[in-house]
Amino acid sequence: MIDLSCNYLGLQLRNPLIAGSSGLTSSIENLRSIAKMGAGAVVLKSVFEEQIRYETDLLIESGHSEIKPWNEVFNSIVSETEYYYEEAFNYLTNYAREHTLNKYLKFISEAKKAVDIPVIASINCRTEYDWQYFARRIQEAGADALELNIYVLPSDPEKDSAEIEAIYFDIIKEVKKFVTIPVSVKTGYYFSSLARFLMKLADTGISGLTLFNRPYNPDIDIDTLQISASNVFSNDSEYSNTLRWVALLSGRLKCDIAASTGIHNHQTVIKQLLAGADTVQLVSVLYKQKFDVLPEIISGLESWMKQHNFKSISDFKGLLSRQNVGNFASYERVQFIRLFTGIE
Ligand SMILES: Cc1cc2nc3c(=O)[nH]c(=O)nc-3n(C[C@H](O)[C@H](O)[C@H](O)COP(=O)(O)O)c2cc1C
């Protein structure tokens, strides 16, 4: 008998396949299909700090619009004195925050009722904002764990790396104060000393790291001379960067690793597990091939395990991590030389 079960963030999963956070995980109907098709867990679409700020701005701009009774309250407050402007602003910020948060909390509790796999909530944060308050209520709504989606692009030349890294530590510290459910952090790879930084993140008491988020990337349309979006979805060869870092870090972090980006088939799932990932997150492949791909990947993984006589995931997880392969250069090498590529 093949046993695909695994432990991730202290949760028991029937297999290591997680439907990652995206628009696909924002409806109950989809969550039911994802669970029915065999996923081990699901990360819900993130609630975005930007979205809350945007809703606040909208409310303020539309102080004269149909949003009642909020606009009436706002108008009456601001019309009194300048001093009350701040009060009105806080009032609307709270309203926008509550409105967005309540929708999300309702979704979490509906998700928990709809599926019998672990439900991981997700918040996207750029500052420490009020996430501790959010996090506590997300826990109360029944989420099994919380993934913090933190991605600060280091594009401000005035900010040095310590300042940027501090944002991550501040967010984690605030959130961890208020929740007891497992917390994981999903991030990118724009850090000057990536291994050191991820190790320091893992030392904060988080339960997992999701490596890596694949950011929205801009492109340029040379016909319209406009900025456009580049490929929104990954392709099936984009997994190598994640594979390298999973292999380099596996066994050296005080937390679990979920591999993310470019995982489209059972072969890549197996590679990430061999490199040492505890779980894998799938998104683009679910958009491209729908949820039917999940049973295909599971059966491919099972057949491969049978073929290699592995009975459980732990029989081969990390077998080819940096720690377990004698030759560190395999993962550390960055320059092409003929010896490795066979190409002059
Ligand atoms: C349309 C779309 C929406 C996404 N929304 C979120 C989100 O709300 N939160 C998040 O953490 N990641 C989000 N992501 C990133 C994915 O979770 C994932 O990290 C990324 O797409 C890389 O995985 P993949 O190669 O399997 O697509 C989104 C990705 C796509 C394509």
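Every chain is numbered independently, its residues counted from 1 as its sequence is written. In keeping with the predicted nature of the model, local features appear solely for residues at pLDDT of at least 70, side-chain atom pairs appear and are counted solely at 80 or more, and the whole-chain, interface and lining totals rest on all residues. Derived side-chain values reflect all non-hydrogen atoms in the structure, with water molecules and hydrogen atoms excluded from consideration.

1. Comments concerning unusual backbone geometry
Omega for the peptide link from L211 to F212 comes to -5°, which places this bond in the cis form. By the element assignment, F212 lies in the loop between β9 (208-211) and β10 (218-221). Phi is positive for L9, which is not a glycine, with a value near 55°. Considering the arrangement of structural elements, one finds L9 in the loop between β1 (6-8) and β2 (11-13). Numbering of helices and strands runs from the N terminus, with a helix taken as a DSSP run of H or I at least four residues long and a strand as a DSSP run of E at least two residues long.

2. Structural notes on the environment of D315
As for its position among the elements, D315 is in the loop between α11 (293-307) and α12 (329-332). Taking relative accessible area as the criterion, D315 reaches 35% and is therefore assigned partly exposed. Separated by 10 residues in sequence, D315 and M305 have C-alpha atoms that sit 9.3 Å apart. Summary of the burial criterion: residues with accessible area below 20% of their type's maximum are buried, those above 50% are exposed, and those between are partly exposed, where the area comes from a 1.4 Å probe applied to protein chains only.

3. Side note on the site of the ligand
In the neighbourhood of the ligand, 19 residues make up the surrounding shell, with S21, S46, K186, S234 and S284 lying closest. Here a polar contact is recorded for every N or O atom pair within 3.5 Å, except that within protein the pair must consist of a potential hydrogen donor and a potential acceptor, and residues adjacent in sequence are included only if both atoms are side-chain atoms. In this structure, N149 approaches the ligand through a side-chain N or O atom, which is 2.8 Å from an oxygen atom. Protein chains bury 89% of the 600 Å² of accessible surface belonging to the ligand in isolation. Placement of the ligand is best described as lying within the largest pocket. Looking at the shell around the ligand, its residues break down into 6 nonpolar, 10 polar and 3 charged. The cutoff for a nearby residue is simple: one of its non-hydrogen atoms must lie within 4 Å of the molecule or strand. Method for areas: the Shrake-Rupley scheme with a 1.4 Å probe, in which residue coverage is limited to the protein chains shown. A cavity here means a set of points on a 1 Å grid, drawn over the protein atoms and nothing else, where a 1.4 Å probe fits but cannot get out; a pocket is an open set with protein on both sides within 12 Å along at least five of seven lines, and a residue lines either one if it has an atom within 4 Å of a point. In this description, a molecule resides in a pocket or cavity if more than half of its atoms sit within 2 Å of the grid points defining it. Any residue outside Ala, Val, Leu, Ile, Met, Phe, Trp, Tyr, Cys, Pro, Asp, Glu, Lys and Arg is labelled polar, Gly included; the first ten of those are nonpolar and the last four are charged.

4. Quick look at the environment of K113
With respect to the element layout, K113 can be found in helix α4 (residues 83-114). Placed 29 residues apart in sequence, K113 and G142 show a C-alpha to C-alpha distance of 9.6 Å.

5. Concerning the confidence of the model for the protein chain
On average, residues of the protein chain score 89 in pLDDT, and 88% of them reach the 70 mark or higher. Across residues 64-68 the pLDDT falls below 50, and counting only partners more than four positions away or on other chains, this stretch makes 5 contacts in the model. Values of pLDDT, which run from 0 to 100, indicate the predictor's confidence residue by residue. Residue contacts are defined here by distance: any two heavy atoms, one from each residue, within 4.5 Å place the two residues in contact.

6. Quick word on the packing of helix α6 (residues 161-178) against helix α7 (residues 194-202)
Angles run from 0 to 180 degrees between N-to-C directions of axes, and those axes are lines fitted to C-alpha atoms, restricted for helices to the stretch in contact. At their nearest, the axes of α6 and α7 sit 11 Å apart, and the two run at 15° to each other. Classified by the angle between their axes, α6 and α7 sit roughly parallel to one another. Our pair here, α6 against α7, has a crossing hand that is right-handed. Taking contact as the criterion, the partners of E165, Y168, F169 and I172 in α6 are, on α7, F197, K200 and L201. A per-class count over the contact of α6 with α7 returns 5 nonpolar, no polar and 2 charged. Should an angle fall under 35 degrees it is taken as roughly parallel, and over 145 as roughly antiparallel, whereas 65 to 115 is taken as roughly perpendicular and any remaining angle as oblique. The sense of a crossing depends on the near helix, which, turned anticlockwise from the far helix by less than a right angle, makes the crossing left-handed and, turned clockwise, makes it right-handed.

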